[in-house]
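Commentary on secondary and tertiary structure
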Amino acid sequence: MKKISKMVIRRLPRYYRYLSDLRNEGVERISSTELSKRLKVTASQIRQDLNCFGGFGQQGYGYNVAQLHEAIGDILGLSMHYKMIIIGSGNLGHALANYAGFARRGFQLVGMFDISEAVVGTEIHGISVQHMSALEAFCQEEAPEIAVLTVTKLAAPEVAEKLAKLGIKGIWNFSFMELVAPPGVHVENVHLSDSLMMLAHHITPHSGKKSKIKE
């Protein structure tokens, strides 16, 4: 099987979301040109991306929305169900636990962990927060595949190593540190402030300003 570009993979969730909207609107088929107008991606790019996984469309017909939606879901692994835990049950962990979209896409939150006595024992979205000392036994019993990391950046590397040893296959990292993936684990580093800084760039007037950066 040929290696697929990471950039192609990163565009697939966006395609999936838009196709979900189209299904909800009752749209049965759509051309790459029509899809490109919605996605602000060229029709050629869409066709190239989808051709990496085989042919989905028919010339003169376009794409069957339901079939393409399901096919991309299968490519992304959404036809499977994943057990997920959250490490760090503060404000961000609390907010993520309450997001209903995870369950709709096959991600089942089964456990939450923290070291703060103020949080341990409380219930968030029907899940009782456990102390980190219970993590090993919990993982042995429940075998979660994904861990969401909302701990401090200083604690993140040690926690990630521990999670890898406990069989976690994927880490969704919100710790503000660019984690290096332990062997056998895939890490997705999320920096919430990056999007905000990009927004600031786009709304800040730059015309007439010269860069002062020199080599």
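Our structure is the block above this text.
So, a few notes on the structure that sits alongside this text. Keep in mind the model is a prediction, meaning the values are calculated, not measured.

1. Observations concerning helix α8 (residues 156-165)
Since there are 3.6 residues in each turn of an α-helix, residues three or four apart along the chain are aligned in direction. Within the sequence span of α8, burial applies to A156, V159, A160 and L163. For α8, the angular spread of buried residues about the axis comes to 100°, placing them on one side. Exposed residues on α8 whose side chains face more than 90 degrees from its buried face are E158 and K165. Buried residues along α8 sit against β3 (82-87), α7 (135-142), β7 (146-149) and β8 (170-173). In the stretch just after α8, G167 is the one whose phi turns positive, near 95°.

2. Considering the layout of surface pockets
Of the pockets and cavities examined, the largest pocket occupies roughly 1500 Å³. Considering every element that reaches the lining of the largest pocket, the biggest residue donor is helix α1 (residues 6-24), with 9 residues. Tallied by class, residues from the lining of the largest pocket come to 16 nonpolar, 5 polar and 8 charged. Approximately 270 Å³ is the volume attributed to the second largest pocket. Lining the second largest pocket, in full, are I87, G88, F113, D114, I115, M132, V151, T152, A155, E158, V159 and K162. Among the elements of the structure, β4 (107-114) and α8 are those that each provide at least two residues to the lining of the second largest pocket. At 3 residues, the largest contribution of residues to the lining of the second largest pocket is made by α8. Broken down by class, the residue content of the lining of the second largest pocket amounts to 7 nonpolar, 2 polar and 3 charged.

3. Description of a nonpolar patch on the surface
Where nonpolar side chains cluster on the molecular surface, the patch consists of L196, L199 and I203 and spans about 340 Å² of accessible area. Its place among the elements puts I203 in helix α9 (residues 192-203). For I203, a relative accessible area of 65% puts it in the exposed group.

4. Regarding the sheet that holds β4
Backbone hydrogen bonds hold the strands of a sheet together, and the pairing may be parallel or antiparallel. Spatial strand order, β5-β6-β4-β3-β7-β8-β9: 7 strands in an open sheet with mixed pairing. The sheet is open, and its two edges are formed by β5 (123-124) and β9 (186-189), each paired on a single side. Across 4 bridges, the pairing between β7 and β8 is parallel. Among the inter-strand pairings, I146 is bridged to a residue of β8, identified as G170. Set on the sheet, α8 makes contact with β3, β7 and β8; between it and β7 the angle comes to about 170°.

5. Side note on the packing of α1 against helix α2 (residues 32-39)
Contact geometry for α1 and α2: axes closest at 11 Å, N-to-C directions at 105°. Compared by their axis directions, α1 and α2 come out roughly perpendicular. Here R14, Y15, Y18 and L22 of α1 lie close against α2, whose contacting residues are L35, R38 and L39. Its residues placed into classes, the contact of α1 with α2 shows 5 nonpolar, no polar and 2 charged.

6. A few points about the side chain of S175
One can find S175 in the loop between β8 and β9. A distance of 2.6 Å separates a polar atom in the side chain of S175 from a polar atom in the side chain of N173.

7. Looking at α7
For α7, the complete set of buried residues consists of L135, F138 and C139. One side of α7 holds all its buried residues, which, seen down the axis, span an arc of 95°. For α7, the exposed residues lying more than 90 degrees away from the buried face are Q140 and E141. Structurally, α7 contributes buried residues whose contacts are with β3, β4, β6 (127-131) and α8. Once α7 ends, the next one or two residues include A143, with phi positive near 50°.

The rules behind the values
- Residues numbered from 1 in each chain as written.
- Predicted model: local features only at pLDDT ≥ 70, side-chain atom pairs only at ≥ 80, totals over all residues.
- Heavy atoms only, no water.
- Buried < 20%, exposed > 50% of the residue type's maximum accessible area, 1.4 Å probe, protein only.
- Helix = DSSP H or I, 4+ residues; strand = E, 2+ residues; numbered from the N terminus.
- Arc of directions from axis to C-beta.
- Contact = heavy atoms within 4.5 Å.
- 1 Å grid on protein atoms, 1.4 Å probe; cavity = no way out; pocket = protein on both sides within 12 Å on 5 of 7 lines; lining within 4 Å.
- Points joined across faces, edges and corners; volume = space filled by probe spheres on them.
- Nonpolar A, V, L, I, M, F, W, Y, C, P; charged D, E, K, R; others polar.
- Patch = residues over 30% accessible without salt bridge, like charges linked within 9 Å, V, L, I, M, F, W, Y side chains within 5 Å.
- Areas by Shrake-Rupley, 256 points an atom, 1.4 Å probe, with all protein chains shown as cover.
- Salt bridge = Lys/Arg side-chain N within 4 Å of Asp/Glu carboxyl O.
- Pairing = 2+ DSSP bridges.
- Axes fitted to C-alpha atoms, helices over the stretch in contact; angles between N-to-C directions.
- Parallel < 35°, antiparallel > 145°, perpendicular 65-115°, else oblique.
- Polar contact = N/O pair within 3.5 Å; in protein donor to acceptor, adjacent residues only side chain to side chain.

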